[in-house]
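Listed here are the chains, written in short residue letters.
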Amino acid sequence: MDFLRGIWEKVRSIKDEKSFFILFALLIVILSIFYRPFYYSKVLAQKEQQVNTSVKEANFQKREYASPIIDLNTASVEQLQTLPGIGPSKARAIVEYREKQPFSKPEDLMNVSGIGPKTFEKIKDRITVSTVNTVNMANNTPSTTQSTTQNNQSQNGNKNISPEKININTANLEELQKLPGIGPSKAQAIIDYREKVGKFKSIEEIKNVKGIGEKTYEKLKELITIY
C-alpha cells in the first residue's frame, strides 16, 4: 500500500499532462493486477455461499413434515422420520424400543436412547399412543390368520382318501395316489410289482414294494384290500 501511495503522490506532482496520463495509466494497471486475486476470491466465496444456501434450502424443502398425528406403536420408520428432530437412527431406535415394550403413553418416548425432553417438546403435539391391547390385537391378528390359513392349507393339501378301500391288485396309478404317503413313483412301483410278481396275496405284501416300509404300511393297512 505504501508503494502505491508513493506512486500516486508522484503522479499528482507531475505537471506535464502527457507524463501525468502515462503514470496514471500505469497506476491503474498496477492496481488491477494487485486487486484482481482478491476480487476473484471474493466472487468465488460469494458463489460458494450461494450454492451452499441453495443446497440447504433444497434439503429443507425435501423434508416436509406430515400433518397427521403419528402413533408411536404402529408407525413405520419412514413415518417416524416425518417428525421434527427424528432421523433414521432415532426412528429405528423407537421401533426397537416398542418391539421390546409397547409405549403406554407419549412421555415414554423420552426413554428411547437419543430422545430427550427438548426433542419431546418439539413433537409432543404430533404423537399419540394406541392402547397396548389394541397393539397386541393388531400384531396377533395376522399371525392368527396366517396360522389358520396354514392349517386350512395343510388340511386341504392332504390327499382325498376314498371312504372305500382301494384294491391294490386292480387300482390304477391315479387311484393308488389317493392313499396317504403314496406319490406317483410309489404308485408306479406297486403296479410294476404286481405285473412282475403277480397279484398281492395279502395286504402285508405291499411292504415288499420298493419305498414302502413299516411306517407307510401302518398308514395304509386300514385303507387297502386285495379283494
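About the cut-offs
Residues numbered from 1 in each chain as written. Predicted model: local features only at pLDDT ≥ 70, side-chain atom pairs only at ≥ 80, totals over all residues. Heavy atoms only, no water. Helix = DSSP H or I, 4+ residues; strand = E, 2+ residues; numbered from the N terminus. Buried < 20%, exposed > 50% of the residue type's maximum accessible area, 1.4 Å probe, protein only. Contact = heavy atoms within 4.5 Å. pLDDT = per-residue confidence, 0-100. Phe/Tyr/Trp six-rings, centres within 6.5 Å; stacked < 30°, edge-to-face > 60°. Lys NZ or Arg CZ within 6 Å of the ring centre and 35° of its normal. UniProt positions renumbered as here; feature names shortened; annotations may be inferred. Expected span 1.5 Å × (residues − 1).

The chain carries the name Competence protein ComEA helix-hairpin-helix repeat protein in an unreviewed UniProt entry, which gives Fervidobacterium nodosum as its organism.

Peer 1: Explain the environment of T216 residue by residue, including any values.
Peer 2: Mapping T216 onto the fold places it in helix α9 (residues 214-220). Accessibility expressed as a relative area gives 13% for T216, which makes it buried. With 35 residues separating them in the primary sequence, T216 and G181 have C-alpha atoms 6.4 Å apart. Apart from the residues lying within four places of it in its own chain, the contact partners of T216 are I182 and K186.

Peer 1: Explain the confidence of the model for the chain to me, and be specific about the residues and the numbers.
Peer 2: Averaged over the chain, the pLDDT score is 77; the fraction of residues at 70 or greater is 63%. Scored below 50 in pLDDT, residues 140-149 shows zero contacts in the model against residues more than four places distant or in partner chains. Low pLDDT (under 50) marks residues 152-162, which in the prediction has 10 contacts with non-local residues, meaning those over four places away or in another chain.

Peer 1: I'd like to hear about the packing of aromatic side chains, residue by residue, with values.
Peer 2: Applying the stated criterion to the full structure yields two aromatic pairs. Centroid distance Y193 to F200: 5.1 Å. Interplanar angle 20 degrees. Geometry classified as stacked. Comparing Y193 with F200, the two get one shared label, buried. Of note, K207 hangs over the ring of Y217, and the distance from its end group to the ring centre comes to 4.9 Å.

Peer 1: Describe the UniProt feature "domain: Helix-hairpin-helix DNA-binding motif class" (unreviewed entry) in the chain, naming the residues involved and giving the relevant values.
Peer 2: Following the UniProt record, one finds the feature "domain: Helix-hairpin-helix DNA-binding motif class" (unreviewed entry) at residues 78-97, 107-126, 174-193 and 204-223. Helix makes up 35% of residues 107-126 and strand makes up 0%, while its end C-alpha atoms are separated by 12 Å. In residues 174-193, helix accounts for 65% and strand for 0%; the two terminal C-alpha atoms are 16 Å from one another.

Peer 1: Quick one: what's the story with helix α4 (residues 88-100), residue by residue and with numbers?
Peer 2: A rise of 1.5 Å per residue sets the reference length of α4, with its 13 residues, at 18 Å; its end C-alpha atoms lie 19 Å apart and thus fit the reference within 8%. Buried within α4 we find A91, A93, I94, V95 and R98. On its buried side, α4 packs onto α3 (77-80).

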